[in-house]
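Structural description and commentary
These are the residues of each chain, in order.
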Amino acid sequence: MDAIHSGWFSEIQNDLWPGQSFSLKVKKILHEEKSKFQKIKILDTESYGRCLILDGIIQCTTRDEFAYQEMIAFLPLCCHPNPKKVLIVGGGDGGVSREVVKHPLVEEVYQVEIDDRVIELSKKYLPTMACGFNDKKLNLVVGDGFEYMRTNQRKFDVIITDSSDPIGPAISLFQEDYYKLMKNSLREGGIICSQGGSFWLDYTYIKKQMLNCSIHFPRVAYAVTSVPSYPCGQIGFVIGCLDKSSDFKDPVTKFSSSEIDAMNLKYYSSKIHSSAFTLPRWIEKNFYENENPI
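Residues numbered from 1 in each chain as written. Predicted model: local features only at pLDDT ≥ 70, side-chain atom pairs only at ≥ 80, totals over all residues. Heavy atoms only, no water.

1. Re the pattern of salt bridges
A pair can form between side chains of opposite charge whenever their charged atoms are brought close. Throughout the structure, instances matching the rule amount to eleven salt bridges. Between Glu99 and Arg98 there is a salt bridge whose closest N-O contact spans 2.7 Å. Taken individually, Glu99 and Arg98 each receive the classification buried, so the pair is uniform in this respect. Glu284 is paired through a salt bridge with Arg281; the nearest N and O atoms lie 2.8 Å apart. Here Glu284 and its partner Arg281 are both found in helix α10 (residues 281–287), three residues apart, which amounts to about one turn of the helix. We classify Arg281 as exposed; its relative accessible area is 55%. Via salt bridges that share partners, Glu65, Arg98, Glu99 and Lys102 belong to a single interconnected network. (Salt bridge = Lys/Arg side-chain N within 4 Å of Asp/Glu carboxyl O. Buried < 20%, exposed > 50% of the residue type's maximum accessible area, 1.4 Å probe, protein only. Helix = DSSP H or I, 4+ residues; strand = E, 2+ residues; numbered from the N terminus.)

This is the structure in structure tokens:
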């Protein structure tokens, strides 16, 4: 549920983050519609720029989206020694594909987004993210990510799931069988990275996702980034690797400052990469209590 009262948008989601909301002052409602899958709203806000909202939940704002897009892309890409072929599930705003195609070792990117209206509206209203759809490395498919992976097995080096929260059309992307499906679509040594929620909101749910992932991946970790427009200002990623010797904290590919600047990365760096896996003590104990911390 969301509401706009007296010029303010309030994100209210009693199932996922009860008892709290995040509000943005609205300059203009740019677009509203109900697609086949979800309610889509795009706002121009006073302090966070343009904002994409799906089913009442903020997906990205032009002020801080890079902190999420860069990290969900470069954390797994830089942990893989040769990420030639990448699959993106979701990511209809184009931000993740924009970042993935920057990596010099990536040769082909396949993106599967179920809602074509998110793609088209992002092209119109969020061009700084949707520019990711224009790269020659990208192959964009409108369809179901589950079905796509079932027919494309042992094909990818990295799979990135840029999903909305675990309600509505995205709920299936948080189940144990989804991790199995991703595993079967990876080549040897493959890596996955999925939106993992905030430990401030429900760390037990994140731990459940890590356990689901660990059923199919011998190496699993949780990494964090700071995104002010997301609930609690923090969000994380569940990362799994088929290579049990992989050290997520130590990226295989390290970029120089000049390379970072050439790729126009505003948040990601090798130092940020390593620090993303350093968690507060109470979370580390809860997530890794039966094994050595990553």
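2. What to know about the sheet that holds strand β9 (residues 138–142)
Here we have seven strands laid out as an open sheet, ordered β9-β8-β7-β10-β11-β13-β12, and mixed in their pairing. Each edge of the open sheet is held by one strand with a lone partner, namely β9 and β12 (219–226). Averaged over all pairs of adjacent strands, the angle between their axes in this sheet comes to 15°, without regard to strand direction. Examined bridge by bridge, strand β7 (residues 85–90) and strand β8 (residues 108–113) share five bridges and lie parallel to one another. Bridged to Leu87 within β8 is Tyr110. Across the sheet, helix α6 (residues 176–185) touches β7, β10 (156–162), β11 (186–197) and β13 (234–241), and the angle it forms with β11 is around 145°. (Pairing = 2+ DSSP bridges. Axes fitted to C-alpha atoms, helices over the stretch in contact; angles between N-to-C directions. Contact = heavy atoms within 4.5 Å.)

3. A short note on the UniProt feature "active site" (unreviewed entry) in the protein
When the UniProt feature table is mapped to this numbering, "active site" (unreviewed entry) covers Asp162. Here Asp162 shows up in strand β10. If we ignore the near neighbours within four places in the chain, the residues touching Asp162 are Tyr68, Gln69, Ile72, Val89, Gly90, Gly91, Asp93 and Val96. At 2.7 Å, the side chain of Asp162 and the side chain of Tyr68 are in polar contact. (UniProt positions renumbered as here; feature names shortened; annotations may be inferred. Polar contact = N/O pair within 3.5 Å; in protein donor to acceptor, adjacent residues only side chain to side chain.)

4. Quick notes on the packing of aromatic side chains
Scanning all chains against the criterion turns up 15 aromatic pairs. Their ring planes at 40° and their centres at 5.2 Å tell us that Phe146 and Tyr178 sit as a pair that is tilted. Taken together, the residues Phe146 in helix α5 (residues 145–150) and Tyr178 in helix α6 connect sequence positions 32 residues apart. Among the residues examined, Phe146 registers a relative accessible area of 10% and is labelled buried. Note on Phe199 and Trp200: the rings are 5.3 Å apart at their centroids and 45° apart in plane angle, and the pair reads as tilted. Look at Phe199 and you get buried, because its relative accessible area is 6%. A relative accessible area of 52% means that Trp200 is categorised as exposed. The ring of Tyr48 has Arg63 lying over it, and the distance from NZ or CZ to the ring centre is 4.5 Å. (Phe/Tyr/Trp six-rings, centres within 6.5 Å; stacked < 30°, edge-to-face > 60°. Lys NZ or Arg CZ within 6 Å of the ring centre and 35° of its normal.)

5. Some remarks on the side chain of Glu70
Within the secondary structure, Glu70 is located in helix α1 (residues 65–79). No salt bridge is formed by the buried Glu70; the nearest opposite charge belongs to Lys102, separated by 5.2 Å. Looking at Glu70, its side chain comes within polar contact range of the main-chain nitrogen of Lys266, at 2.8 Å. The contact partners of Glu70, leaving out residues within four places of it in the chain, are Leu75, Glu99, Asn264, Leu265, Lys266, Tyr267 and Tyr268. (Lys, Arg positive; Asp, Glu negative; His and termini not counted.)

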